[in-house]
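Chain by chain, the residues run as shown.
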Amino acid sequence: ILVNDQRAAVRRSSKTFKPKKNIPEGSHQYELLKHAEATLGSGNLRQAVMLPEGEDLNEWIAVNTVDFFNQINMLYGTITEFCSETSCSVMSAGPRYEYHWADGTNIKKPIKCSAPKYIDYLMTWVQDQLDDETLFPSKIGVPFPKNFMSVAKTILKRLFRVYAHIYHQHFDSVMQLQEEAHLNTSFKHFIFFVQEFNLIDRRELAPLQDLIEKLGSKDR
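Residues numbered from 1 in each chain as written. Predicted model: local features only at pLDDT ≥ 70, side-chain atom pairs only at ≥ 80, totals over all residues. Heavy atoms only, no water.

Things to note about the overall build of the chain
No. 1: A tally of regular secondary structure across the chain gives eight helices and two strands.
No. 2: The order of α-helices and β-strands along the chain, N terminus first, is α-α-α-α-β-β-α-α-α-α.
No. 3: The buried share of the chain, reckoned over its 220 residues, is 50%.
No. 4: A separation of at least 24 residues holds for 73% of the contacts in the chain among residues at least 6 apart in sequence. (Helix = DSSP H or I, 4+ residues; strand = E, 2+ residues; numbered from the N terminus. Buried < 20%, exposed > 50% of the residue type's maximum accessible area, 1.4 Å probe, protein only. Contact = heavy atoms within 4.5 Å.)

What follows is the structure, given as C-alpha cells:
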C-alpha cells in the first residue's frame, strides 16, 4: 500500500488502466484497510500480512485482494505504452510460460491473445468479481459465500500473471521509469500475503520462483 502522492505520480491514462476499486469509508473493511496500511508502514511485511486478532479471514483476504488489484492496476498503467500488440503478441512470462485466456462464462475455451488484450480481459474479469456484492459483500453482517475462497484464489492467481509479465517482459521499462522499488515492494507484499494463507499453488508461481526466493531470503 503506497503513499498517495506516489500513487498519483505513477498514474498514467491508458485504455487498460481500470478505475480504482474503492472500499467505502466508514465501513469495517475500510478500517481493516487502514490497519493494513499502518502495519505496512512498520516495514515488517511478514507481520503486516498476518490476520489481525479477532478478524474474519474472508474479510481480510477480500480487503487485501481489492488493494492488490488497485496496485497492479497502477503498476501496469505505468508501462502500457510499452506493452502493445506488436511488442507482446502473446501473453507470456519469459520463453517457458505462455498464458491463454478463458473465464468460464464469456470465453469457455482458452484463447491465445496478445498481452494487452489478455490483461484487459483479466482486469475486467477481476473488476466484475470485486463489484459483485454476492461475492465481495461490503455491508456489515452480509456473509461471504461458500465459494469465496476459491474465487479469491483464482483472482490472485491471475493477478500474479500480470506481475510475472511485467518482470519478464518490461523490467527494463520499469527501471527507466525508476519504478523498480515500487514494483518490488508491491510484489513482495503480494507474495508474502499469498504465502501466509497458501492462496496460490507453487507451480503457478514458477515463472518468478528465483525472485520469490530472493525476496524471502532477504527477509529472514
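Overview of helix α7 (residues 180-196)
No. 1: A rise of 1.5 Å per residue sets the reference length of α7, with its 17 residues, at 24 Å; its end C-alpha atoms lie 24 Å apart and thus fit the reference within 8%.
No. 2: Of all the residues in α7, the buried ones are H182, L183, S186, F187, K188, H189, F190, I191, F192, F193 and V194.
No. 3: N198 lies just past α7 and shows a positive phi near 50 degrees. (Expected span 1.5 Å × (residues − 1).)

Regarding unusual backbone geometry
No. 1: Even without glycine at this site, Q178 takes up a positive phi of about 55 degrees.
No. 2: Mapped onto the elements of the fold, Q178 is located in the loop between α6 (148-176) and α7.
No. 3: On the accessibility criterion, Q178 (70% relative accessible area) is exposed.
No. 4: In the Ramachandran plot, N198 falls in the positive-phi region, its phi being about 50 degrees despite a non-glycine side chain.

Thoughts on the packing of aromatic side chains
No. 1: For the coordinates displayed, the defined rule picks out 14 aromatic pairs.
No. 2: Each residue in the set F68, F160, Y163, Y167, F171, F187, F190, F193 and F197 is aromatic and connected to the rest through ring pairs, giving one cluster.
No. 3: Just above the ring of F192 sits the side chain of R46; from NZ or CZ to the centre is 3.6 Å.
No. 4: Positioned over the ring face of W125 is R158, at 4.4 Å from the centre of the ring. (Phe/Tyr/Trp six-rings, centres within 6.5 Å; stacked < 30°, edge-to-face > 60°. Lys NZ or Arg CZ within 6 Å of the ring centre and 35° of its normal.)

Points about the nonpolar core
No. 1: Residues L159, F160, Y163, F187, F190 and I191 are the most contacted members of the largest nonpolar core, which totals 65 residues.
No. 2: At 13 residues, the largest contribution of residues to this core is made by α6.
No. 3: Ignoring sequence-local partners within four residues, the contact set of L159 consists of T65, F68, F69, I72, L122, M123, V126 and F190. (Core = buried A, V, L, I, M, F, W, Y, C linked by side-chain atoms within 4.5 Å.)

Some details on the state of the cysteines
No. 1: Inspection of the entire model under this criterion finds zero disulfides.
No. 2: Free of any disulfide, C88 has its nearest cysteine sulfur in C83, 3.9 Å distant. (Disulfide = S-S within 2.5 Å.)

Observations concerning the UniProt feature "binding site: Zn(2+)" (unreviewed entry) in the chain
No. 1: As annotated by UniProt and renumbered to match this structure, "binding site: Zn(2+)" (unreviewed entry) occupies C83, C88, H165 and H170. A compact arrangement is adopted by the annotated residues: their sequence extent is 88 residues, whereas the largest C-alpha distance between any two is 9.9 Å.
No. 2: Along the chain, H165 turns up in helix α6.
No. 3: Setting aside chain neighbours within four positions, we find H165 in contact with C83, C88, M91, S92, A93, A115, I119 and H170.
No. 4: The topology assignment puts H170 in helix α6. (UniProt positions renumbered as here; feature names shortened; annotations may be inferred.)

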